[in-house]
Amino acid sequence: MAPTIPSDLTEFVMLQGNGVKGLSEMGLKSLPSQYIQPLEERMSMINVVPQESIPIIDMSNWDDPKVEDAICDAAEKWGFFQIINHGVPLQVLDDVKEATYRFYWLPPVEKVKYTKENSPSKHVRYGSSFSPEAEKALEWKDYLSLFYVSEDEAVTMWPPACRDEALEYMKRSEIVIKRLLNALMKRLNVRKIDETNESLFMGSNRINLNYYPVCPNHDLTVAIGRHSDVSTLTILLQDETGGLYVRAPDHRNWIHVPPISGALVINIGDALQVMSNGRYKSIEHRVTANGSKTRVSVPIFVNPRPSDVIGPLPQVLVNGEKTMYKHVLYSDYVKHFFKKPHDGKMTIEYAKIF
């Protein structure tokens with residue numbers, strides 16, 4: 001007898017802690033209607049350019065001016081690039097991917113302790129989809145979101161199944177993040193990141209452990225819908241499954257980001273697009289659901305502090321360049337992003353001067 005879809009999907013997926021992982025493991029032959037996306041959002045309806053690829057930058061010689069130029073050029077044209085030989089040990093990357101599986105393999109009764117209703121901290125959140133209250137169609141993804149406040153809070157509040165590995169990955173990535181931001185800032189006439197401006201560029205960090213289980217009728221839904229990140233930078237570790245697509249420079253087509261063993265995917269977020277007055281591009285991206293393989297990914301979102309005000313940097317406007325964006329409180333910008341479904345590049349309109 002074919003398995004039946006739970007009558008109360010919200011109860012099963014979220015309130016009981018099963019997530020879409022639980023739906024996937026039921027062996028459903030058809031996708032629940034709540035996950036069926038409008039035609040225009042399905043991958044079958046979009047045009048992928050197979051011969052195009054985002055830049056791959058070898059970071060083994062950090063001090064080479066050509067490396068800095070490649071980073072800035074990629075940020076201006078593509079908004080996305082991959083880095084290899086970046087200095088984060090491959091074992092650290094493997095460990096955090098393994099820890100992601102370990103968390104999701106916990107019984108639902110353990111995972112449900114970290115939902116919005118039950119979590120011991122507002123900085124630790126296990127959930128499914130993106131913004132279920134606002135979405136017309138749900139996304140086929142479970143996530144654990146960990147906002148870093150302090151080592152003590154992380155040790156006390158983060159799930160033990162993945163805490164140590166997530167912390168180690170964040171710590172080991174910090175030098176890469178600083179080097180990338182220093183390179184990007186030089187082209188914006190900011191001499192270096194120091195105690196006077198560090199909080200604006202990288203004052204808060206969030207790490208997500210994302211889980212995308214095998215999906216029936218995967219072509220009818222999405223794992224993550226079209227959006228751009230609200231961060232300064234995002235550092236993404238993806239596994240070997242694939243499924244990440246970014247908007248091509250022509251703003252019409254899409255490009256697949258192929259997994260490269262040991263590489264990290266870097267993308268510019270809205271906060272840096274605003275601070276660079278549009279010079280660096282925060283690009284729309286999306287993730288497809290998969291009908292045969294489970295995928296995991298681990299992004300680190302490097303952000304301003306919630307209390308910071310973001311706007312075009314004075315150094316960018318020094319030559320009289322027209323101001324494209326107004327100054328906004330970063331926490332307001334983030335709230336605007338999370339109160340609506342994924343909707344492409346619409347969030348940036350909140351800060352735009354018309």
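Details of the structure are given in the entry above.
Definitions and limits used
Residues numbered from 1 in each chain as written. Predicted model: local features only at pLDDT ≥ 70, side-chain atom pairs only at ≥ 80, totals over all residues. Heavy atoms only, no water. Pairing = 2+ DSSP bridges. Helix = DSSP H or I, 4+ residues; strand = E, 2+ residues; numbered from the N terminus. Axes fitted to C-alpha atoms, helices over the stretch in contact; angles between N-to-C directions. Contact = heavy atoms within 4.5 Å. Core = buried A, V, L, I, M, F, W, Y, C linked by side-chain atoms within 4.5 Å. Buried < 20%, exposed > 50% of the residue type's maximum accessible area, 1.4 Å probe, protein only. Parallel < 35°, antiparallel > 145°, perpendicular 65-115°, else oblique. Nonpolar A, V, L, I, M, F, W, Y, C, P; charged D, E, K, R; others polar. Left-handed = near helix turned anticlockwise from the far one by under 90°.

**What about the sheet that holds strand β10 (residues 264–268)?**
Across the sheet, 8 strands lie side by side as β1-β2-β10-β7-β12-β5-β4-β3; this open sheet has mixed pairing. Only two strands of the sheet have a single neighbouring strand rather than two, namely β1 (56–58) and β3 (124–128). Between one strand and the next, the sheet's axes are offset by a mean angle of 25°, whatever the strand orientation. In this structure, strand β7 (residues 233–238) lies alongside β10, joined through 4 bridges in antiparallel fashion. Residue leucine 236 lies in a different strand from β10, and its bridge partner there is valine 265. Against the sheet, helix α3 (residues 65–77) engages β1, β2 (80–84) and β10, with an angle of about 160° to β1. Each of β3, β4 (142–148), β5 (204–212), β7, β10 and β12 (295–303) is contacted by helix α4 (residues 90–104), which is oriented at about 60° to β5, the strand it contacts most.

**Let's talk about the nonpolar core**
Ranked by size, the top nonpolar core spans 72 residues in total, and within it Tyr169, Ile207 and Leu233 carry the most contacts. The dominant element in this core, judged by the number of residues it contributes, is helix α7 (residues 163–186), at 11 residues. Membership of the second largest hydrophobic core comes to 15 residues, among which are Ile54, Val246, Ile283 and Val287.

**Some points on the packing of α3 against α7**
One way to put it is that α3 packs onto α7 with a least axis distance of 9 Å and a crossing angle of 75°. Judged by the angle between their axes, α3 and α7 are roughly perpendicular. Two secondary-structure elements touch here, α3 through Glu68, Ile71, Cys72 and Ala75 and α7 through Leu180, Ala183, Leu184 and Lys186. Grouping the amino acids of the contact of α3 with α7 by side-chain chemistry returns 6 nonpolar, no polar and 2 charged.

**Remarks on the packing of α4 against α7**
Across the interface, α4 lies against α7 with an axial gap of 9 Å and an inter-helix angle of 145°. Pair α4 / α7 crosses with left-handed handedness. Judged by residue contacts, Val92, Leu93, Asp95, Val96, Ala99 and Arg102 of α4 engage Glu165, Ala166, Glu168, Tyr169 and Arg172 from α7. When the residues that make up the contact of α4 with α7 are grouped by side-chain class, the tally is 6 nonpolar, no polar and 5 charged.

Everything listed is a geometric property; what it means functionally is a separate question.
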